[in-house]
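# Architecture and fold: a report
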Amino acid sequence: MWNLLLELDLLGPPRVARGDEFALPTRKALALLACLALGGPLPRGRLAAMLWSDRSEDEARRNLRQELHRLQSTPAGDWIVASTSEVALRPGIRVDVVRFHAAVAAGDFEQSLALYRGALLQDLELRGADHFMDWLAAQREALARIWRAATAGRARQLEAQGEVDGAQDLEPADDGATRFFTEAGDVDVVSKALADRKWVVTSAQLIWKAKNPVALDDAKRAEVETFLEAIDEDDD
């Protein structure tokens, strides 16, 4: 079976395949594979402590041995290398998170956005594995920040290439979305152009945006605020 590559899709709903998709025996098995795929070779003690944080060291290590034994009976078993001190995955596994990082580094934002199907190990929650959940939360946030940057990068590419008809400007939003600005009469044109390029348009709003915004330092801003307050207080 060595001609069948192990594939781990960890962004969004998890998927594990080796030729055909297959189910893992437990959620802990999925978490174990994710740790190894993203963290490299890991000491047995660290893996045990991450996945069985609520157990004693001896019990956690015993549970790890049992989980590895279950994994050995799946199509992923041939790709696991376990010694008395550490556990690792053989090189050559296809991991979407690794491909996502590579695409962003190469400036291929279109590919990176296609790979990012959602949060890392979406909807996975493990009881009694506080250390793993802390690690997962940090990984999710780091990947989300990169995804937001990739979204903004792709939007700039589309703007520079003139591929979004009617769009005049854009800016990234805090939630990872991108705001495209246009004249009121071109909203439908821009929405269609974005949809044609596989973007999801979540809303269209009428707002005012200054064409030539003025940047003020703290002193100038305080001066303007004082002036405006004086106008408000003037009843005449």
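Let me sum up the structure you'll find in this document. (Residues numbered from 1 in each chain as written. Predicted model: local features only at pLDDT ≥ 70, side-chain atom pairs only at ≥ 80, totals over all residues. Heavy atoms only, no water.)

## Regarding the packing of aromatic side chains
The description of an aromatic ring pair uses the distance of the two centres, along with the angle that the planes make with each other. Heads up, the condition is: Two rings belonging to Phe, Tyr or Trp (six-membered ring only in the last case) form a pair when the distance between their centres is within 6.5 Å. Interplanar angles under 30 degrees mark stacking, angles over 60 mark edge-to-face geometry, and anything in between is tilted. Runs of E in the DSSP output that reach at least two residues are strands. Runs of H or I that reach at least four are helices, and both are numbered from the N terminus. The buried label applies to any residue whose accessible area, calculated with a 1.4 Å probe on protein chains only, is under 20% of its type's maximum; exposed applies above 50%, and partly exposed to all values in between.
Tallying each qualifying case throughout the model produces three aromatic pairs. Relative to Tyr116, the ring of Phe100 has its centre 5.6 Å away and its plane inclined at 45 degrees; by these criteria the two rings are tilted. Of this pair, Phe100 sits in helix α4 (residues 96–105) while Tyr116 sits in the loop between α5 (109–115) and α6 (130–160), placing them 16 residues apart in sequence. As far as the burial class goes, Phe100 and Tyr116 line up, both buried. Summarising the aromatic geometry, the rings of Phe132 and Trp135 are spaced 5.6 Å apart at their centres and angled 35 degrees between planes, so their arrangement reads as tilted.

## A short note on the nonpolar core
Basically, it comes down to this: Take the buried Ala, Val, Leu, Ile, Met, Phe, Trp, Tyr and Cys residues and link them wherever side-chain atoms come within 4.5 Å; each set so joined is a nonpolar core. Any two residues having at least one pair of non-hydrogen atoms within 4.5 Å are treated as being in contact.
Ranked by internal contacts, the top residues of the largest apolar core, which has 47 residues, are Leu8, Leu10, Leu121 and Phe132. Secondary-structure elements contributing two or more residues to this core are β1 (6–9), α1 (27–39), α2 (44–51), α3 (57–72), β6 (86–89), α4 and α6. With eight residues, the single largest contributor to this core is α1. Filtering out sequence-adjacent residues up to four positions away, Phe132 remains in contact with Ala31, Cys35, Met50, Leu51, Leu121, Leu124 and Leu126.

## Describing a nonpolar patch on the surface
The test is simple: Nonpolar side chains (Val, Leu, Ile, Met, Phe, Trp, Tyr) are joined into patches within 5 Å and like charges within 9 Å, using only residues with over 30% relative accessible area and no salt bridge. To be clear on the numbers: accessible area is Shrake-Rupley with a 1.4 Å probe, and residue cover counts the displayed protein chains and nothing else. Salt bridges, as used here, are contacts in which a Lys or Arg side-chain nitrogen is within 4 Å of a carboxyl oxygen on Asp or Glu.
The grouping of Leu216, Val224, Phe227, Leu228 and Ile231 at the surface amounts to a nonpolar patch, some 440 Å² of accessible area in total. Residue placement: Val224 occurs in helix α8 (residues 218–233).

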